[in-house]
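Fold and geometry: a report
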Amino acid sequence: MSGMRVLPRIPKLSPAAKNLRILVFDIETAPHLVHAWGLFKQNVSLNQIIEPGKVFAFAYKWVGTGRTMFASEQSHGHEGMVQLAWDLFDEADIVIGYNSAPFDIPHMQREFLLAGLTPPKPFKQIDLLKTIRKQFNFASGKLDWVAQSLGIGHKTHHEGHMLWRRCLDGDPKAWAKMGTYAKQDVALTEKLYHYLLPWLTNAPHLGQMSRDEHSCPYCGGKRLRRDGTTHAFVTSYRLYECLNCHAWIRGTKKLQDATTTRPATIN
């Protein structure tokens, strides 16, 4: 097919952008323990809650490093695990996750609040599920489906809810399996982040954050090629392609200004 552009490789961040502290993060939560009178369409009231759900484990990795780590109540105790997460967030410039904006980050910040911790330093978020839903129409938005569709791997399979029960009962083998499962989710999320770099139109400007504004906002690369012009409603700008991640970038200098206002509506 003439003119088709194929991504030659999965893009990586530029050396300058790698100086940023970019954290890939994924939590695992314990379910609510409740009294229930049935199994179908139950309305559980507050006085039926025996113990509310909580974050009981998480996996994390700094982009550009080789190791994926796992922390849990079993290995760190609940307070130690929460403190470690707070330290990571406090150090991070950007936190990346999958469905992290409505799930992982609010759950973790609830744990900070309950522990009496102050907010960590402000950080930017990249929720890759938002990009998947906005830019594409996969048969499923689940991480496992998207990763397998792109050929970058798959989630670790397990026995389902029973694994969580065994962890809550303190089974060491179950905790080891939970660690493997959570770390694989983080590994897939990091691979997907690199794969989606040129599509991340709502991500923070990596060039600006790394103090190099004359670079690609998506990967921080400096090899930009002028390729035509792009147009807003009344203004035109230079258009560039990043030769590292192949994202399209609009220049900041206006090429022309509107010389007339829009005509008034004729009734």
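To be clear, the structure that these remarks concern was listed above.
This text gives an overview of the structure that appears in the document.

The rules behind each value
Residues numbered from 1 in each chain as written. Predicted model: local features only at pLDDT ≥ 70, side-chain atom pairs only at ≥ 80, totals over all residues. Heavy atoms only, no water. Helix = DSSP H or I, 4+ residues; strand = E, 2+ residues; numbered from the N terminus. Buried < 20%, exposed > 50% of the residue type's maximum accessible area, 1.4 Å probe, protein only. Contact = heavy atoms within 4.5 Å. Areas by Shrake-Rupley, 256 points an atom, 1.4 Å probe, with all protein chains shown as cover. Arc of directions from axis to C-beta. Core = buried A, V, L, I, M, F, W, Y, C linked by side-chain atoms within 4.5 Å. Pairing = 2+ DSSP bridges. Axes fitted to C-alpha atoms, helices over the stretch in contact; angles between N-to-C directions. Phe/Tyr/Trp six-rings, centres within 6.5 Å; stacked < 30°, edge-to-face > 60°. Lys NZ or Arg CZ within 6 Å of the ring centre and 35° of its normal. Patch = residues over 30% accessible without salt bridge, like charges linked within 9 Å, V, L, I, M, F, W, Y side chains within 5 Å. Salt bridge = Lys/Arg side-chain N within 4 Å of Asp/Glu carboxyl O. Parallel < 35°, antiparallel > 145°, perpendicular 65-115°, else oblique. Left-handed = near helix turned anticlockwise from the far one by under 90°. Nonpolar A, V, L, I, M, F, W, Y, C, P; charged D, E, K, R; others polar. Expected span 1.5 Å × (residues − 1). Polar contact = N/O pair within 3.5 Å; in protein donor to acceptor, adjacent residues only side chain to side chain.

Now for the overall build of the chain. Counting secondary structure elements, the chain contains seven helices and ten strands. Looking at the chain as a whole, 39% of its 267 residues are labelled buried. Sequence separation of 24 or more characterises 63% of the internal contacts of the chain that already satisfy a separation of 6 or more. Carbon and sulfur atoms make up 54% of the accessible area of the chain, which totals about 16200 Å².

Taken as a whole, helix α4 (residues 143-150) has its buried residues at Leu143, Asp144, Val146 and Ala147. Down the axis of α4, the smallest arc covering the buried residues is 165 degrees, so these residues share one side. On its buried face, α4 is in contact with α3 (128-135) and α6 (172-195). Just past α4, the residue glycine 151 takes up positive phi, approximately 75 degrees.

Another aspect to go through is the nonpolar core. Counting residues in hydrophobic clusters, the biggest one holds 45 residues, and the most contacted among them are Leu13, Ile96, Leu128, Met178 and Tyr193. With nine residues, the single largest contributor to this core is α6. When near neighbours in sequence (up to four residues on either side) are disregarded, methionine 178 contacts Glu28, Phe56, Phe70, Leu163, Trp164 and Cys167. If you look at the next biggest cluster of nonpolar residues, it comprises 20 residues, including Phe58, Phe89, Ile105 and Met108.

Ordered in space as β5-β4-β1-β6-β7, the five strands form an open sheet in which the pairing is mixed. A strand with exactly one partner marks an edge of an open sheet, and here the two such strands are β5 (69-72) and β7 (124-127). Geometrically, the sheet is characterised by an average inter-axis angle of 25 degrees between neighbouring strands, direction not taken into account. In this structure, strand β1 (residues 22-30) lies alongside strand β6 (residues 94-97), joined through three bridges in parallel fashion.

A word on the packing of aromatic side chains. The relation between two aromatic rings is expressed through the spacing of the ring centres and the mutual angle of the planes. Summed over all chains, the structure comprises nine aromatic pairs. Both rings, one in phenylalanine 56 and one in tryptophan 175, keep their centres 5.1 Å apart while their planes meet at 55 degrees; by these two values the pair is tilted. Here phenylalanine 56, found in strand β4 (residues 54-62), pairs with tryptophan 175, found in helix α6; they are 119 residues apart in sequence, far enough to count as distant. Across this residue pair, the class does not change: phenylalanine 56 and tryptophan 175 are buried. Through a chain of ring-to-ring contacts, the aromatic side chains of Phe25, Phe58, Tyr60, Phe89, Phe112 and Phe123 assemble into a single cluster. Of note, arginine 21 hangs over the ring of tryptophan 62, and the distance from its end group to the ring centre comes to 3.9 Å.

Let us now look at a nonpolar patch on the surface. Together, Val34, Val44, Leu46 and Ile49 make up a nonpolar patch on the protein surface, roughly 340 Å² of accessible area in all. Its place among the elements puts valine 44 in the loop between β2 (33-34) and β3 (49-51).

Our focus in this paragraph is the packing of helix α1 (residues 73-91) against helix α2 (residues 100-114). Two numbers describe a pair of packed helices, the interaxial angle and the distance between the axes. The geometry of α1 relative to α2 is characterised by a closest axis approach of 10 Å and an angle of 120 degrees between their N-to-C directions. On the basis of their axis angle, the class for α1 and α2 is oblique. Seen along the crossing, α1 lies across α2 with a hand that is left-handed. Of the residues in α2, those touching α1 at His78, Val82, Ala85, Trp86 and Phe89 are Ile105, Met108, Glu111 and Phe112. Across the contact of α1 with α2, the residue classes break down as seven nonpolar, one polar and one charged.

Right, let's talk about α6 for a bit. For α6, built from 24 residues, the straight-helix expectation of 34 Å at 1.5 Å per residue is met to within 8% by its first-to-last C-alpha distance of 35 Å. One side-chain oxygen at the N-terminal end of α6 lies 2.9 Å from the backbone nitrogen of lysine 173; it belongs to aspartate 171.

Here we take up the pattern of salt bridges. Applying the stated rule across the entire model yields nine salt bridges. Residue arginine 166 is joined to aspartate 171 by a salt bridge in which the shortest nitrogen-to-oxygen separation is 3.1 Å. The class for arginine 166 is partly exposed, based on a relative accessible area of 25%. On the basis of relative accessible area, aspartate 171 is assigned to the partly exposed category, the value being 24%. Taken together, the shared-partner salt bridges in this structure form one network comprising Glu51, Lys54 and Glu73.

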